[in-house]
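Topology and contacts: notes
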Protein chains: 2
Amino acid sequence: MSAEDFKSAKEKFLAFIEGKGLRLTTQRMAIIDTVFSTEEHFTAEQLLDWSRQRDQSVSRATVYRTLPLLTESGLVSEMDFGKDHKYYDPNYAQHPNHNHIICQDCDRIVEFESEKIERLEDEITHNLGFSLKTQRIQINANCEELKKLGSCRNKDCR
Amino acid sequence: MSAEDFKSAKEKFLAFIEGKGLRLTTQRMAIIDTVFSTEEHFTAEQLLDWSRQRDQSVSRATVYRTLPLLTESGLVSEMDFGKDHKYYDPNYAQHPNHNHIICQDCDRIVEFESEKIERLEDEITHNLGFSLKTQRIQINANCEELKKLGSCRNKDCR
DNA sequence: GTGGGTGCAAAGTGTTTGCAAGTGT
DNA sequence: ACACTTGCAAACACTTTGCACCCAC
């Protein structure tokens, strides 16, 4: 993400906050800075950890109270990969149609887009009498490298 | 679902159970009968209710202990529509790759399959160094009929 | 100053599990 | 008989919320 994208996503959110007449507390600012300076998918707990590195006083409750604001603003999307916790995706504003491959071995999440698939989805949906509003593809996969070599070089592979 | 499909899905599961050396208790039978006599997507709680109509002694714990067997057998699939509870889909055995259109107007869930999309998904996943294990597409859509006519004839349209 | 915001801890919610009693094979 | 199963209730993991204090505006 370029410095300009960073600036604009964060500023969009600040404008959103201001538009709702909400306040800019130091804790919220720490959370916002954290969210808009990463490209990774994160969980509520990770966001708490990272935010606390910026401001020790951030509490779990404030993180959980801020997340709905982020998703409501449209700048972060909530993803459910079937794990016990939700993931949050800060790349949504730039790529609203991106899809996910979730590696069962690594827990790695890889994103992809495909215009061809989008076109097919649109066609099928239309033929069934609906108009496509949003779509999402989740692919659960295995790491081929792991299968072949017995290990996998993704640094967070377990 | 035809009577034959009904018979075979249930029998497949009974064979699966037997193959694992597990027992056929009356409670399990009530749950199994329930699952394989519906085409609807259901939640754990609904399955408990329905099963209790067949056998009052079925407990929540047994339902939760049976669900993993059902998904493990491949005859029922676990679906996450982003709600707080999981849905289970008993149509999986016949159509292992089916996808869902969720109508925002009707709350109707329509299923579809597409070999073309499957091929594209497989290709993309492979190119990224993974092998596709399972996939799932969710399309949130609007009802075109509703948009044009101001109402929609789906009987459960709200 | 005031109304929204915060941390803490308790409460919720859906799901899982330890245990002693029960039951299919 | 034996090992698998069950119901119950307690335990869990993640998320939400009530409350009294706090602070951005």
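Residues numbered from 1 in each chain as written. Chains lettered and ligands numbered in written order. Predicted model: local features only at pLDDT ≥ 70, side-chain atom pairs only at ≥ 80, totals over all residues. Heavy atoms only, no water.

**Some thoughts on the interface of chain B and chain A**
This is how the line gets drawn: Contacts are assigned to residue pairs with any non-hydrogen atoms lying within 4.5 Å of each other. A 1.4 Å probe defines the accessible area here, and the buried area is the portion of it lost by two parts on being joined, summed over both. For salt bridges, the criterion is a side-chain nitrogen of Lys or Arg within 4 Å of an Asp or Glu carboxyl oxygen. In protein, a polar contact requires one atom able to donate a hydrogen and another able to accept it; more generally it is a pair of N or O atoms within 3.5 Å, and residues adjacent in sequence count only if both atoms are side-chain atoms. Counting from the N terminus, the helices are DSSP H or I runs at least four residues long and the strands are E runs at least two residues long.
Facing 36 residues of chain B, the contacting portion of chain A comprises 35 residues. Across the chain B/chain A interface, buried area totals approximately 3,200 Å², and carbon plus sulfur atoms make up 60% of it. Our count for the chain B to chain A interface comes out at zero salt bridges. For the interface between chain B and chain A, the tally reads 10 residue pairs in polar contact (both at pLDDT 80 or more). Going through the elements one at a time, β3 (99–103), β4 (109–112), α5 (115–127), β5 (130–143) and α6 (144–149) of chain B are the ones with two or more residues in the side of chain B that touches chain A. Here the side of chain B that touches chain A gets 14 residues from one element, more than from any other, and that element is β5(B).

**A look at the packing of helix α5 (residues 115–127) of chain A against α5(B)**
Definition in use: In this analysis an axis means a line fitted to C-alpha atoms, helices contributing only their contacting stretch, and an angle means the value between N-to-C directions, from 0 to 180 degrees. Angles below 35 degrees are treated as roughly parallel, those above 145 as roughly antiparallel, those between 65 and 115 as roughly perpendicular, and all remaining angles as oblique. When the near helix sits turned anticlockwise from the far one by under a right angle, the crossing is termed left-handed; a clockwise turn instead gives a right-handed crossing. The residue classification treats Ala, Val, Leu, Ile, Met, Phe, Trp, Tyr, Cys and Pro as nonpolar and Asp, Glu, Lys and Arg as charged. All others, Gly included, are polar.
Interaxial distance between α5(A) and α5(B) falls to 10 Å at its minimum, and their mutual angle equals 160 degrees. Classed by the angle they form, the pair α5(A) and α5(B) counts as roughly antiparallel. Our pair here, α5(A) against α5(B), has a crossing hand that is left-handed. Along the contact surface, α5(A) presents K116(A), I117(A), L120(A), E121(A) and I124(A), while α5(B) presents K116(B), I117(B), L120(B), E121(B) and I124(B). For the contact of α5(A) with α5(B), a count of residues per class yields six nonpolar, no polar and four charged.

**Things to note about the packing of aromatic side chains**
For clarity, the threshold we go by: Side-chain rings of Phe, Tyr and Trp, where Trp is taken by its six-membered ring, are said to pair if the distance between their centres is within 6.5 Å; with planes under 30 degrees apart they count as stacked, over 60 as edge-to-face, and otherwise as tilted. For every residue, the accessible area (1.4 Å probe, protein chains only) is compared with the maximum for its type, and the residue is labelled buried under 20%, exposed over 50%, or partly exposed between those bounds.
Counted according to the given criterion, the structure contains eight aromatic pairs over all chains. Between the aromatic rings of F42(B) and Y88(B), the centroid separation amounts to 6.2 Å while the plane-to-plane angle is 25 degrees, which identifies the pairing as stacked. Residue F42(B) is found in the loop between α2 (26–35) and α3 (44–54), and its partner Y88(B) is found in strand β2 (residues 87–89); the two are separated by 46 residues along the sequence. Both residues of the pair, F42(B) and Y88(B), count as buried. Linked through ring pairs, F13(A), F16(A) and F36(A) together constitute an aromatic cluster.

**Details of the protein's contact with DNA strand C**
Threshold: Any residue with a non-hydrogen atom lying within 4 Å of a molecule or strand is treated as near it.
Taken together, 20 residues surround DNA strand C, and among them R23(A), S57(A), S59(A), T62(A) and Y64(B) come closest. Taken together, the sugar and phosphate atoms account for 65% of what DNA strand C places within 4 Å of the protein. One of the side-chain N or O atoms of T25(A) is found 2.5 Å from a phosphate oxygen in DNA strand C. At 3.3 Å from a sugar or linking oxygen of DNA strand C is found a side-chain nitrogen or oxygen belonging to Q27(A). Put simply, the parts of the chain that give the surface near DNA strand C at least two residues each are α2 (26–35) and α4 (60–72) of chain A together with α4 (60–72) of chain B.

**Here we look at the pairing of strand β3 (residues 99–103) of chain A**
Residue and element names in this part refer to chain A. Applicable threshold: We treat two strands as partners when DSSP finds at least two bridges between them.
Of all five residues in β3, five are buried; the element is thus mostly enclosed. Residue alternation in β3 divides its side chains into two sets, N99, I101 and C103 and H100 and I102, and both sets are buried. Note: β3 against strand β4 (residues 109–112), four bridges, orientation antiparallel. For N99, the partnering residue across the bridge sits in β4 and is F112.

**What about the sheet that holds β4(B)?**
Taking strand neighbours across the sheet as the criterion, the six strands line up as β4(A)-β3(A)-β5(A)-β5(B)-β3(B)-β4(B) in an open arrangement whose pairing is mixed. Two strands bound the open sheet, and with one partner strand each, they are β4 of chain A together with β4 of chain B. With strand direction ignored, the average angle separating the axes of adjacent strands in the sheet is 20 degrees. Pairing of β3(A) with strand β5 (residues 130–143) of chain A involves four bridges; the strand directions are parallel. Residue pairing across strands places I102(A) opposite N140(A), the latter belonging to β5(A). Each of β5 of chain A together with β3, β4 and β5 of chain B touches α5(A); the most contacted strand, β5(A), lies at about 130 degrees to it.

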